[in-house]
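Remarks on the overall topology
Listed here are the chains, written in short residue letters.
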Amino acid sequence: MLDVGEEGAGKPIVLLHSLLADRAVFDAIVPLLARERRVIVPDLPGFGGSSSAGATIEGIADRIASLFDALKLGTEADVLGNGFGGFIASMLAIRHGAKFDRLVLADTGIAFTPEGKQSFYAMADRVRQSGMEAIVDVAMKRLFPDDFIAAHPEIVVERRNALVKTNPEFFAEACHALATLDLTVQIGAIRNRTLVVVGELDTATPPEMSRALAAALPEAKLLEIPGCGHAPMVQEPETFVRAISGFLA
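Observations regarding the overall build of the protein chain
Along the backbone of the protein chain there are 11 helices and seven strands. Taking the principal axes of the C-alpha coordinates as reference, the protein chain spans close to 45 × 35 × 35 Å. When burial is assessed residue by residue, the protein chain has 54% of its 249 residues classed as buried. Considering only contacts within the protein chain whose residues lie at least 6 apart along the sequence, 78% involve residues at least 24 apart. Summing over all exposed atoms, the protein chain offers an accessible surface of approximately 10,100 Å²; the carbon and sulfur share of this is 53%. Within the protein chain, one finds 23 positive and 32 negative side-chain charges whose respective centroids are separated by 4 Å.

What follows is the structure in structure tokens.
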């Protein structure tokens, strides 16, 4: 089961959130997109009100693919994924690319470094032992640059409160899915027109990951957003929407 929010009318767009968030991370851009689009925002499997789909990106992508038929989206919907949601969106395109039109991959990549993979295993162990509180402060620093955290404590509190509600076991499953994922062999199979977007200051999935992703995709466009971290849709919602709107038009 997927818990899904929806707003607006027009060509559909499906938004997939990051590991360190829930679907509410898109709240600032949903009204902007909904002026012209039917905006569909699920909680990913294991997050919010959505049941788990297991500890593989393939299983999660297959669960998301079921939305297209369930919501009668046809084949004209666009898909935007951020972070973890971006990896899922890539796998969705690899396995079910004919179900949708264009693809926006924000702050994501092909695979993590060995050090990055180890950090996911460590996070999984910590939340299983001590709950989500054990990683939430580090998570905020991975979502946002320090100056944004200092200037917008209310947003950080909101995001922190959302993350601590996540089921620790499901979060650990997602960490393992990311730690074991490597799209190097499969990524070239994507045929959807793709825009890769990354925040200049992203420390969760650094810009070099997005650059490598864009280079591996046929004719993908790459756009870096100055001053932003892992969640440009929160930091600079209007800038983010402007950045993707030309591609999606």
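Points about helix α11 (residues 237-248)
Helix length check: α11, at 12 residues, gives a terminal C-alpha distance of 16 Å against a target of 16 Å (1.5 Å per residue), a fit within 8%. Looking only at α11, the buried set comprises F240, V241, I244, F247 and L248. Each buried residue of α11 sits inside an arc of 120 degrees when the element is viewed along its axis, so together they form one side. Turned more than 90 degrees away from the buried face of α11, the exposed residues are E238, R242 and G246.

Details of the layout of surface pockets
Taken as a whole, the largest pocket holds about 250 Å³ of empty space. Secondary structure elements with two or more residues in the lining of the largest pocket: α1 (30-33) and α11. Per-element accounting of the lining of the largest pocket gives the leading share, five residues, to α11. Here the lining of the largest pocket is built from residues that sort into six nonpolar, one polar and four charged. Of the voids in this model, the second largest pocket is the one considered here, and its volume is about 150 Å³.

Focus on the side chain of R102
Note on placement: R102 falls in the loop between α3 (84-96) and β5 (103-106). Salt bridges are absent for the buried R102, whose nearest opposite-charge side chain, D101, sits at 4.0 Å. Within polar-contact distance, the side chain of R102 engages the backbone oxygen of F247 at 2.4 Å. Residues within four places of R102 in sequence aside, it is in contact with A77, D78, V79, R193, F247, L248 and A249.

As for helix α9 (residues 207-216)
Every buried residue belonging to α9 is among P207, M209, S210, L213 and A214, and all of these are buried. The buried residues of α9 all sit within an arc of 155 degrees when viewed along its axis, so they share a single face. In this structure, the buried residues of α9 make contact with α3, β5, β6 (194-199) and β7 (221-225).

Cut-offs applied
- Residues numbered from 1 in each chain as written.
- Predicted model: local features only at pLDDT ≥ 70, side-chain atom pairs only at ≥ 80, totals over all residues.
- Heavy atoms only, no water.
- Helix = DSSP H or I, 4+ residues; strand = E, 2+ residues; numbered from the N terminus.
- Buried < 20%, exposed > 50% of the residue type's maximum accessible area, 1.4 Å probe, protein only.
- Contact = heavy atoms within 4.5 Å.
- Areas by Shrake-Rupley, 256 points an atom, 1.4 Å probe, with all protein chains shown as cover.
- Lys, Arg positive; Asp, Glu negative; His and termini not counted.
- Charge placed at Lys NZ, Arg CZ, Asp CG, Glu CD.
- Expected span 1.5 Å × (residues − 1).
- Arc of directions from axis to C-beta.
- 1 Å grid on protein atoms, 1.4 Å probe; cavity = no way out; pocket = protein on both sides within 12 Å on 5 of 7 lines; lining within 4 Å.
- Points joined across faces, edges and corners; volume = space filled by probe spheres on them.
- Nonpolar A, V, L, I, M, F, W, Y, C, P; charged D, E, K, R; others polar.
- Salt bridge = Lys/Arg side-chain N within 4 Å of Asp/Glu carboxyl O.
- Polar contact = N/O pair within 3.5 Å; in protein donor to acceptor, adjacent residues only side chain to side chain.

The quantities given are spatial measurements derived from coordinates; they are silent on function.
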